[in-house]
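Listed below, chain by chain, are the residues.
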Amino acid sequence: MSRLKSIVVLGGVLALLVGVGVAWATTGATTGYPQPKEVVPAQKQAPFENRYVLTAVGSGASIRSGEMKFELEEGSSPQFLVGISQFYSYGPTGEIETGLFTFYPPRELKNGKGIGFTALKVGASAQYGQVTPDGELQLFTPEGDTVKGQLRLHGGGPWPVEFKVLGDEERYTASPPAARQIHEAEPNNPGWGGEASEYEGDYELVNGGTDPTAKAGTLGPVIGVAQGLGVKGSVVTAGSMTVEGNPAVATVELETGGTKRTLTLTDLAWQGDQRVAKVHAEGPDSPVVGHFEGTGGQGQVKGNLVAGHSVYKVDFQLKG
């Protein structure tokens, strides 16, 4: 297990489980993080060193409530912030699930009006080092005791979030109160951009991985299908996409687990950097078997492509 994984898991989980929730986390629980490569000025970080409760969140995130804490890494020079959080989310059948996250490393937002962090998901068992990058949290310049921002998790978003700064004596004896749900309009602009020239053309897959079933012999296809059912999705080893027509239609070629698959995307729509589409298995006139949800812009389209029970994490780049 790497030093970073050990530190993040043990620091984040222990901090969250001391007493009840993040509001009870003790100072020093995040000691031991490596110095980030990017140095964020102290005056940019200082306003965010607080405890927070989630007061509003985009409804698409399926988050009921949450709380978090940011503190400066002890003994670091220059100092940097590390965050820990606990979110309560709605599961597939409506049950409440708990998600633990750490936020590290910090970086200054390009517009200079806030600070961003990589969201690292903490698994249930610290001893196995279950920590994986799972999104991003951006916090904008505080307005009184309110901090707004946006959150990406599990390949989805961004969703707007709002937090209230908690006073020194404020804490909860149980889970924090339910956050207000911000109901966002679904992307409804046709195509995947304002101009067809921005997104039409041939794309190549740039996140292809090594085929994990290559040495599995006759069990390779079976393992590939089973892998696609997991939350991390299938490892796509190769692929391409062509977007053309009016209305625009995308033809996607994917290779995974020794199996090649052709899918068709229709009803392409966008809003900001959000990109969505319906997925068909056998051409645009065949039944819908899933959906695509992700982000795009500047010749890139990436996100989760769901077809039946399989999930494919794809990142396509428009060819020059």
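Residues numbered from 1 in each chain as written. Predicted model: local features only at pLDDT ≥ 70, side-chain atom pairs only at ≥ 80, totals over all residues. Heavy atoms only, no water.

### Side note on the pattern of salt bridges
Using the criterion set out here, one finds seven salt bridges in the structure. We note a salt bridge from arginine 152 to aspartate 273, for which the minimum N-O separation is 2.7 Å. Of the two residues, arginine 152 sits in strand β7 (residues 146–153) while aspartate 273 sits in the loop between β14 (259–271) and β15 (274–280), which places them 121 residues apart along the sequence. A salt bridge links lysine 278 to aspartate 267, with the shortest nitrogen-to-oxygen separation between them at 3.1 Å. Separated by eleven residues along the polypeptide, lysine 278 in strand β15 and aspartate 267 in strand β14 bring together distant segments of the chain. The partly exposed category is assigned to lysine 278, whose relative accessible area is 40%. Under the relative-accessibility criterion, aspartate 267 is labelled partly exposed at 46%. Through salt bridges with shared partners, one network takes in Arg107, Glu136, Arg152 and Asp273. (Salt bridge = Lys/Arg side-chain N within 4 Å of Asp/Glu carboxyl O. Helix = DSSP H or I, 4+ residues; strand = E, 2+ residues; numbered from the N terminus. Buried < 20%, exposed > 50% of the residue type's maximum accessible area, 1.4 Å probe, protein only.)

### Thoughts on empty space enclosed by the protein
Going through the model one piece at a time under the given rule, you end up with one cavity of 30 Å³ or more. Lining the largest cavity are Gln35, Pro36, Glu38, Val39, Val40, Pro78, Gln79 and Phe80. Partitioned by chemical class, the residues of the lining of the largest cavity number five nonpolar, two polar and one charged. (1 Å grid on protein atoms, 1.4 Å probe; cavity = no way out; pocket = protein on both sides within 12 Å on 5 of 7 lines; lining within 4 Å. Points joined across faces, edges and corners; volume = space filled by probe spheres on them. Nonpolar A, V, L, I, M, F, W, Y, C, P; charged D, E, K, R; others polar.)

### Brief notes about the pairing of strand β17 (residues 300–307)
Every other side chain in a regular strand lies on the same face of the sheet, so the side chains alternate between the two faces. Here β17 lies mainly inside the structure; six of its eight residues are buried. Of the strand pairs in this sheet, strand β16 (residues 288–297) and β17 are connected by eight bridges, and their pairing is antiparallel. Its bridge partner lying in β17, threonine 295 is registered against lysine 302. Turn length for the β17-strand β18 (residues 310–318) hairpin, with the two strands adjacent in sequence and antiparallel, is two residues, and the turn residue glycine 308 shows positive phi of about 65°. (Pairing = 2+ DSSP bridges.)

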